[in-house]
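Read off the chains here:
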Amino acid sequence: MRAFFEAIISYPFMLRALIVGALVSGCCSVLGVPLVLKRYSMIGDGLSHVAFGAIALATALGFAPMAFTIPVVILTAFLLLRLSENGKIKGDAAIALISTGALAVGVMAVSLSKGMNTDVYNYMFGSVLSMSESDVTLSIILAAAVIVLFLCFYHKIFAVTFDESFLKAGGMKTGAYNMLISFLTAVTVVLGMRVMGALLISALIIFPTMSAMRLFKTFKKVVLSALLISVVSFLVGFYFSYAYDAPTGASIVVINIILFLIFSLIAKFKK
Amino acid sequence: MNLLKCENLKMGYDGKAVFEDLTFSVEKGSFLFVLGENGSGKSTLIKGILGLLHPISGKFHWEGISRNEIAYLSQTTEVKKEFPASVGEIVLSGRLTSKRFSPFYSKKDREKAKESMKYMSVEDLEHRSFSELSGGQQQRVLLARAISASARVLVLDEPSKGLDSKVTEELYELLSHMNKKHGITIIMVSHDMAAALKYASHILSLSDGRNKYGKTDEVLFSSEKEGKR
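Keep in mind that what you see is a predicted model, and the values were worked out from it rather than measured.

Draft legend 1. Inspection of the overall build of chain A at higher detail. Each helix and strand counted, chain A has 13 helices and zero strands in total. Taken from the N to the C terminus, the helices and strands of chain A come in the order α-α-α-α-α-α-α-α-α-α-α-α-α. Expected size for 271 residues packed as a compact globule is a radius of gyration near 18 Å; at 18 Å, chain A falls within 12% of this value. Within the span of chain A, comprising 271 residues, buried residues form 53% of the whole. For chain A, restricting intrachain contacts to residue pairs at least 6 apart in sequence, the fraction spanning at least 24 positions comes to 76%. Carbon and sulfur atoms make up 73% of the accessible area of chain A, which amounts to about 11,900 Å² in all. Side chains of chain A carry 19 positive and 10 negative charges; the gap between the two charge centres is 12 Å.

As structure tokens, this is what we get:
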């Protein structure tokens, strides 16, 4: 444990990873609450595949990965929202179509260019320790923006999630708030890819909310406890991966699974 | 005074009409029951009234009322079962439709919400979870939300669905009280003929091409008086 703290103090990349990871875990968990409750859990998963495809494409074509990926993922998030709202294609099918399609494009791009390089590998499985300083700065700014926007629209996000038709009847443009949720999710997914990897990021969105909902029954408590669960899981997972040389993303998810099981058990005994 | 006027309304999905040539108006302070069989277009009409679905032709003319004074009470069965939300959070959210820009609730908003909870006698449940309440309590909470939204028109889509008859009766009494004492106009879709007879001031009866509209006794007791078709 002591070596861990010494490492954080003496290696700036450790400290950076810690800050970015905690912020991104926070973003994922608070956004996870409306996403899970609106039954949009798989959007995070779909978007992460799209992000992977976009990054592979950007690397193959020589674009800057983040600058290319963020707008692509935001556009996809809006498209998914439109598709699932107008009901022509069922929401889950729309997500599956787009995510597998993007994954295929990504794999093609990788194999037609240089093959699997470390960059692409990092985005698939996460590499919070190898983040450059500029990436870290960008991530911190974006994560802070996500949290501030979430706070400013907290009450409206709650209301849109609970009963959209009531707000629509009252003349509110609920579409704008749905777009806001999609937008924030898109940004968070791209950020989270550096920490968790494209394959695991949606775990960070879904697990904390599900754990929190076992024990807490009001919106505020669920949001706050999901936030806490997520950040604690990150810190413990991060320490575990340092101490036992395990992959960071997977360690964090394993801690989340354990917490979910504990919370479910407590809920069972409380009944 | 007319609150809402509809002339030669035609509504439906993908260009296919569910009903057409519907003409009626809702007077301020009336208690309108919309009756009709399944598939007669009751819910379609409600969606139109709420602005969730645009008519194919014709228009809803609202007079002297703004959009945020219309409140919708969904069926409690529509509200998701496991949703974590406290009664306080829900009632307070009624305030949102009248405040567009401020991200946080003011003291006045909280007072109004408290008042509404008191009025519906759910103030003791403020910190309870909505999902743990009984059907009747849930209805009261949703009504409290409508009151906290300062609603002048209340639109309900089969509110008695999934409630037992005692709770349903209570709900009608509450609505009747809000209607008579506070002049809140009520537009309600229902199957319940007996309740319509007891509580409605006006009835709109939808049935394939034979739509009737008028005062309760006119519609129910004179089969020859046909609405415009």
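Text resumes after the structure shown.
Draft legend 2. Seen up close, helix α10 (residues 174–196) of chain A. Residue and element names in this part refer to chain A. The terminal C-alpha atoms of α10 lie 31 Å apart, and with 23 residues this matches the ideal 33 Å at 1.5 Å per residue to within 8%. Along α10, 19 of the 23 residues are buried, which leaves the element largely enclosed by surrounding structure. Immediately beyond the C-terminal end of α10, within one or two residues, lies Gly-197, with a positive phi of roughly 90°.

Draft legend 3. Quick look at the interface of chain A and chain B. Taken together, the contacts link 27 residues of chain A with 36 residues of chain B. Together, the buried faces of chain A and chain B total about 2,700 Å²; carbon and sulfur atoms form 65% of this surface. Taken together, chain A and chain B are joined by one salt bridge. A salt bridge links Arg-145 of chain B to Asp-163 of chain A, with the nearest nitrogen and oxygen atoms 2.8 Å apart. Taken together, the links from chain A to chain B amount to eight residue pairs in polar contact (both at pLDDT 80 or more). Contributing elements (two or more residues each) for the side of chain A that touches chain B: α7 (133–152), α8 (154–162), α9 (164–169) and α12 (219–243) of chain A.

Conventions we followed
Residues numbered from 1 in each chain as written. Chains lettered and ligands numbered in written order. Predicted model: local features only at pLDDT ≥ 70, side-chain atom pairs only at ≥ 80, totals over all residues. Heavy atoms only, no water. Helix = DSSP H or I, 4+ residues; strand = E, 2+ residues; numbered from the N terminus. Rg over C-alpha atoms; globule rule 2.2 N^0.38 Å. Buried < 20%, exposed > 50% of the residue type's maximum accessible area, 1.4 Å probe, protein only. Contact = heavy atoms within 4.5 Å. Areas by Shrake-Rupley, 256 points an atom, 1.4 Å probe, with all protein chains shown as cover. Lys, Arg positive; Asp, Glu negative; His and termini not counted. Charge placed at Lys NZ, Arg CZ, Asp CG, Glu CD. Expected span 1.5 Å × (residues − 1). Buried area = accessible area lost by both parts, 1.4 Å probe. Salt bridge = Lys/Arg side-chain N within 4 Å of Asp/Glu carboxyl O. Polar contact = N/O pair within 3.5 Å; in protein donor to acceptor, adjacent residues only side chain to side chain.

These values are about where atoms sit, not about what they do.
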